[in-house]
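Below are the chains, spelled out letter by letter.
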Amino acid sequence: MTIFTLGLIMVVFAVGGFAVDIQRFDHERARLQYSLDRAVLAATDLRQDLCPTVVIKDYLEKENLGQYLIEDEIIIEPANLCGSSAVTIEGFRRVQARAEMDVAMHFMQWWDVDYITTSVFSAAEEALGNVEISMVLDVSGSMNSNSRLTTLKLAAQEFVQEMVDKSEDGKMSISIVPYATQVALPDSMMDYISTSGVNPHANCINFTSSQFQDGEFDLNLVYDRTLHFTPWYTYDQRSKEGEVLVYNEICETDENRQAMVFQKDADLLKNKIASFEAAGNTSIDLGVKWGMALLDDSMQPVIAQMAAAGDVPAEFATRPDNPRSGDTLKVMILMTDGANTTQYLTNYPYRDGKSGVWWNEGLKDYVSYAELDENDEITIEFGTNYIWRNVDMIEWDEVKRFYWARDRLQPSGYGNTIVNNATLEYENVDSVEAAEAVNPEGSYVRGFIQYRCLSISSSGDCVNFDRDTKQVKTYHDLDVEPSKHLTWPDLWEQTSRRKLREYFRNYYGYSWGTNFYNDAVSSNGRSIKDPRVRSMCDYAKDQMGVVIFTISLEAPSAGRAIMQHCKTADATYYEANPDDLPDVFASITASIRNLRLTQ
């Protein structure tokens, strides 16, 4: 029994010893696996600037496990993240590593098992999802104060560089919407939008109130184009040499005012930001409208055409993605240093068609105005309805010893009237070019008809015409060039609104000039624009899932209130001074990254 008992004790002791060895082995294996997992996860972090191999070795050495790492089996994607020629961090990283440890046995040595080898493997991958960003940035005149624009440029450029560096190519797009009184579009985008109204110098759109309710941009609609005009100042540029346009225009012509859509090239985006100049009023509603439109898939056909034309990277041809699919993170960064101020719009019928005003380039003068009809309206038709403001009504004939007189109202603009040379009658031809087209032999002359005047009033006007005695006064005799019948867009682009009021008061009367001034241009102020912004921001957050970061840069209370309303959460609203902007954009960068990883 003693021998049996001792044998049984030895068996129990051996089994217990084996169990201890196995427990130690499992403990060491788990410790190695846990340490390697932590090391690989740290090396995979997209924010990690060190070489992944260095990170893994450092983690294991701190756990006294560095000697077990098999360096030759560390695999890193992309491969060129280490060394002197390391590239910038991409938006995708995969790291895998293996370690091998010999765990010494204490009890199993009795059976010639000195150690058991454990091999652990770990792999991790971090990738940022698709993201579309609209940077809606205030470039109104107040941004010139306190170095706001200068600091904004630097901070926004750093943001762009960081986002590009930390994004896998083709997954992140940025659109930049600089806004002031209006938002201008590049030709490459405007070409695919239907508009009415002529402005060959810049591309802005006037939206109706109902179009500020959501993010949709209905490509089936015809939108009113913002004309080139200014509601301020009293001046006329038309008498200057060359095409000199009005300044302080509502839709600004400089390229730096234009939006840049769906780009990924950091240098291209940074150069756009660097070109910003501050001027104009503040229209947060228009900035938000375009920021949302560039996140809504209703704009996708336009972007597809731009991509086909090479104006947008080909991989963005299917953007904006459907905001309701959840496949793409939609972000709008909305920044202002002010509050909504006044926006001006030209109204019908003063937006298109002929204005009734003629300009003569040779004389450098407005030479004709249309006569008002019985309803005090301008009618533009061939007939006796043009006032020639610079041609004498009567003319003394030294040879015949009587006065020639013309009718006060003429059938066309001065310098363009056509007379049948055979009948001395006006013909229904409204331009010199048209007369030459129907009259290659020259049976028409460019001039006007004079009649013998039988009596003159005390005011110097002819009151009794002998219409049987008449002659043609040709413009050749007067060395007059043809005049141009200006359209309303022609008139607006070189003559200010206040100067037009002055002209029309002189020729149509004070009341008519004042009524024109009030009727031709309307305006939207803060009471209209603030509710529009709130409505669009609510829609963006609730219906489109857009994450809105807002920045109030030394803004007044009205501007702060709008930014606070539009923010997605308390953490996405920033009140800042210029010195804070780098930290603000760095915070937004980190937040976007985290949002992309958790989507």
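In what follows, the structure referred to is the one given above.
Residues numbered from 1 in each chain as written. Predicted model: local features only at pLDDT ≥ 70, side-chain atom pairs only at ≥ 80, totals over all residues. Heavy atoms only, no water.

Account for the pattern of salt bridges, naming residues and giving values.
Using the criterion set out here, one finds 28 salt bridges in the structure. The residue R38 makes a salt bridge to E63 at a minimum N-O spacing of 3.9 Å. A residue pair is termed long-range when its members are at least 10 positions apart, and R38 in helix α1 (residues 2-44) and E63 in the loop between α2 (52-62) and β1 (75-77) qualify at 25 residues. Residue E71 is joined to K57 by a salt bridge in which the shortest nitrogen-to-oxygen separation is 3.3 Å. Of this pair, E71 sits in the loop between α2 and β1 while K57 sits in helix α2, placing them 14 residues apart in sequence. (Salt bridge = Lys/Arg side-chain N within 4 Å of Asp/Glu carboxyl O. Helix = DSSP H or I, 4+ residues; strand = E, 2+ residues; numbered from the N terminus.)

Explain the packing of helix α6 (residues 284-293) against helix α13 (residues 526-542) residue by residue, including any values.
At a minimum axis separation of 8 Å, α6 and α13 run at an interaxial angle of 25 degrees. What the angle tells us is that α6 and α13 run roughly parallel. Relative to α13, the crossing made by α6 is left-handed. Only K529, R532, V533, M536, C537, Y539 and A540 of α13 make contact with α6, whose side of the interface consists of I284, D285, V288, K289 and M292. Looking at the contact of α6 with α13, its residues break down into 8 nonpolar, no polar and 4 charged. (Axes fitted to C-alpha atoms, helices over the stretch in contact; angles between N-to-C directions. Parallel < 35°, antiparallel > 145°, perpendicular 65-115°, else oblique. Left-handed = near helix turned anticlockwise from the far one by under 90°. Contact = heavy atoms within 4.5 Å. Nonpolar A, V, L, I, M, F, W, Y, C, P; charged D, E, K, R; others polar.)

Let's hear about the sheet that holds strand β10 (residues 328-336): which residues, and what values?
On the basis of which strands lie adjacent, the open sheet formed by 6 strands has the order β9-β5-β4-β10-β24-β25 and mixed pairing. Edge strands, defined here as strands with exactly one partner in the open sheet, are β9 (260-263) and β25 (573-576). The average angle at which neighbouring strand axes cross in this sheet is 10 degrees, direction not considered. Here strand β4 (residues 130-138) runs beside β10; their pairing, made up of 8 bridges, is parallel. Across the sheet, M135 pairs through a bridge with I333, a residue of β10. Helix α5 (residues 266-274) contacts β5 (172-179) and β9 of the sheet and is inclined by roughly 160 degrees relative to β9. (Pairing = 2+ DSSP bridges.)

Mind laying out the sheet that holds strand β22 (residues 484-487), listing which residues take part and the relevant values?
Pairing is antiparallel in the open sheet, where 5 strands are placed in the order β17-β14-β13-β12-β22. Each having just a single partner strand, β17 (409-410) and β22 make up the two edges of the open sheet. The pairing of strand β14 (residues 386-388) with β17 spans 2 bridges and is classified as antiparallel. If you follow I387 over to β17, its bridge partner there is L409.

Explain helix α12 (residues 510-520) to me, using residue names and the numbers behind them.
Taken together, the buried positions of α12 are occupied by W512, G513, F516, Y517 and A520. The buried residues of α12 occupy an angular sector of 140 degrees when the element is viewed end-on, so they sit on one face. Buried-residue contacts for α12 involve β11 (343-346), α10 (488-494), α11 (497-508) and β23 (521-524). (Buried < 20%, exposed > 50% of the residue type's maximum accessible area, 1.4 Å probe, protein only. Arc of directions from axis to C-beta.)

Please give an account of a nonpolar patch on the surface that cites residues and values.
Where nonpolar side chains cluster on the molecular surface, the patch consists of W396, Y403 and I456 and spans about 240 Å² of accessible area. On the secondary structure map, Y403 appears in strand β16 (residues 402-405). Look at Y403 and you get partly exposed, because its relative accessible area is 31%. (Patch = residues over 30% accessible without salt bridge, like charges linked within 9 Å, V, L, I, M, F, W, Y side chains within 5 Å. Areas by Shrake-Rupley, 256 points an atom, 1.4 Å probe, with all protein chains shown as cover.)

Lay out the side chain of E252 in plain terms, naming residues and giving numbers.
Along the chain, E252 falls in the loop between β8 (223-225) and β9. Side chain to side chain, E252 and R257 meet in a polar contact 2.7 Å long. Setting aside residues up to four positions removed in sequence, E252 forms contacts with A180, A184, A202, R257 and A279. (Polar contact = N/O pair within 3.5 Å; in protein donor to acceptor, adjacent residues only side chain to side chain.)

Let's hear about the state of the cysteines: which residues, and what values?
Throughout this description, disulfide means a covalent bond between two cysteine sulfur atoms. For the structure on display, the rule yields 3 disulfides. What pairs with C204 in a disulfide is C251, and their sulfur atoms sit 2.0 Å apart. The sign of the S-S torsion, about 85 degrees, decides the handedness of the disulfide formed by C204 and C251: right-handed. With C204 in the loop between β6 (195-196) and β7 (205-206) and C251 in the loop between β8 and β9, the pair connects residues that are 47 residues apart, well separated along the chain. For the residue pair C204 and C251, the accessibility class agrees, reading buried in each case. (Disulfide = S-S within 2.5 Å.)

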